[in-house]
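Fold and geometry: a report
Here are the chains, one letter per residue:
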Amino acid sequence: PKDLLMRCCELLAEGLSHPALFNDEVITRGLRNYGLPPEEACLYVHSTCVEITPISSSAVWVASPYINLVEILLDLMGVENGSTVDFENYEDLIRAYRHKLGEKIRQEVINQNRIQKERYYHGGDPLVSCFVNDCLSKGRDVDQGGARYNWIMPSFVGLANLVDSLMTLKKMVFEEKKISMEEMARVLANDYQEREDLRQEILNRIPKYGNDEDEVDKIAEEVTGWILEEIKKYRTYRGDRFIPSLFCWIMHEQMGSMTPASPDGRKKGFPLGDGSGPAQGREKNGPTASILSSTKWDHSPFIGGIAVNMKFEAKWLKGESLEKMLNLIRTFMERGGFEIQINVINGDTLIKARENPEQYRDLMVRIGGYSDYFIYLSPAMQEEIIMRTQHVI
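Let me sum up the structure you'll find in this document.

What counts, and at which threshold
- Residues numbered from 1 in each chain as written.
- Predicted model: local features only at pLDDT ≥ 70, side-chain atom pairs only at ≥ 80, totals over all residues.
- Heavy atoms only, no water.
- Buried < 20%, exposed > 50% of the residue type's maximum accessible area, 1.4 Å probe, protein only.
- Helix = DSSP H or I, 4+ residues; strand = E, 2+ residues; numbered from the N terminus.
- Contact = heavy atoms within 4.5 Å.
- Pairing = 2+ DSSP bridges.
- Axes fitted to C-alpha atoms, helices over the stretch in contact; angles between N-to-C directions.
- Parallel < 35°, antiparallel > 145°, perpendicular 65-115°, else oblique.
- Left-handed = near helix turned anticlockwise from the far one by under 90°.
- Nonpolar A, V, L, I, M, F, W, Y, C, P; charged D, E, K, R; others polar.

A look at helix α13 (residues 286-294)
Buried residues dominate α13, accounting for eight of its nine residues. For α13, the complete set of buried residues consists of G286, P287, A289, S290, I291, L292, S293 and S294. Contacts made by the buried residues of α13 are with α11 (214-231), β6 (308-312), α14 (320-334) and β10 (390-391).

Listed below in structure tokens is the structure:
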């Protein structure tokens, strides 16, 4: 209802980190597509952040494991080992990436199933099992497949960075031939040292996910399709599904800290994109364009969780601007968006908090599915939050 949604906007405009806004229609459709009957598809909880699990019937493993989409591309390019492959065209690169993505998913499926097998024989949670549907009727513990639903939900991190990286390689290596794949790999291995000119060209000229440009947004649609196609091949040790997610919690910072520079202009060690929206600071065409890009692919199969973050300038968010924010949220939901979370804060406040943390102990921000105190975040995570595009409406 509009009055309730407006109250949500008013609370967010005050700088509160909640509520996060979930799309019940998309989530229930996704649950029904994964086999839940209508009377159960409406009974779910968003777990700890955005991971959807059926209430009282779940032995679901959420975020198991996190998979770095950018690292797969850098390995393919030989950035760290120096063994660069000279692809004939962009289509060859895509085929090779899809194959390597499939190998990575298969490897992680084997790892997760080995853990489930170990828990089958050496785990056990009898008290919990008494309260989870079907365990008592089956006479099985949750670790032995007693629960009604036993999904494993791997989360794929760095979607926006991968999309922007593929777009960069498509344009600069294959279409314009401004740089070879081998030279690009060397530049990335050296963290763009002495090639800041190239990095700035990538950041400012090559189209980026989040600006309602179909050519680059199409890559996001393709990548999410590859993930779904690969993951549906497998079953868990308990005989249930693997279901994907596209959120990061704090893993975009942790994985980014160990990931070399990437073709999208991101430097070595910097956090990956914070969820499934655009990477930090790359929305140049406003919040509407950002929402349009983020909803051009189907969110409903990603029941493991999706987080789209947006940041707004606090001092402008009043009166008619609140109505505009409400309309943006409605547009996101009507286009099939899974979940959107909003930070409303002035950028200079974040900078002051970083410089004078003692004065900002109560400053809360949304991260990648959860909220945290800004001053206790790592320096890299603080910089990542500051760099997120700050919209004015």
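A look at the sheet that holds β6
Two strands in a sheet stick together by hydrogen bonds in their backbones, pointing the same way (parallel) or opposite ways (antiparallel). A sheet is described by the order of its strands in space; here four strands give the open sequence β1-β7-β6-β10, paired in mixed fashion. The open sheet has two edge strands with one neighbour each: β1 (21-22) and β10. Bridge analysis of β6 against β10 gives two bridges, and the strand direction is parallel. Across the sheet, F312 pairs through a bridge with H391, a residue of β10. Its contacts with the sheet place α13 against β6 and β10, and it is angled at close to 180 degrees to β6. In the packing of α14 onto the sheet, contacts are made with β1, β6 and β7 (339-344), and the angle to β7 comes to roughly 160 degrees.

Some details on the packing of α13 against α14
Between α13 and α14, the least distance of the axes is 9 Å, while the angle of their chain directions is 15 degrees. One element, α13, and the other, α14, form an angle in the roughly parallel class. Between α13 and α14 lies a crossing of right-handed hand. Across the interface between the two elements, P287, T288 and I291 of α13 pack against L328, T331 and F332 of α14. The class makeup of the residues in the contact of α13 with α14 is four nonpolar, two polar and no charged.

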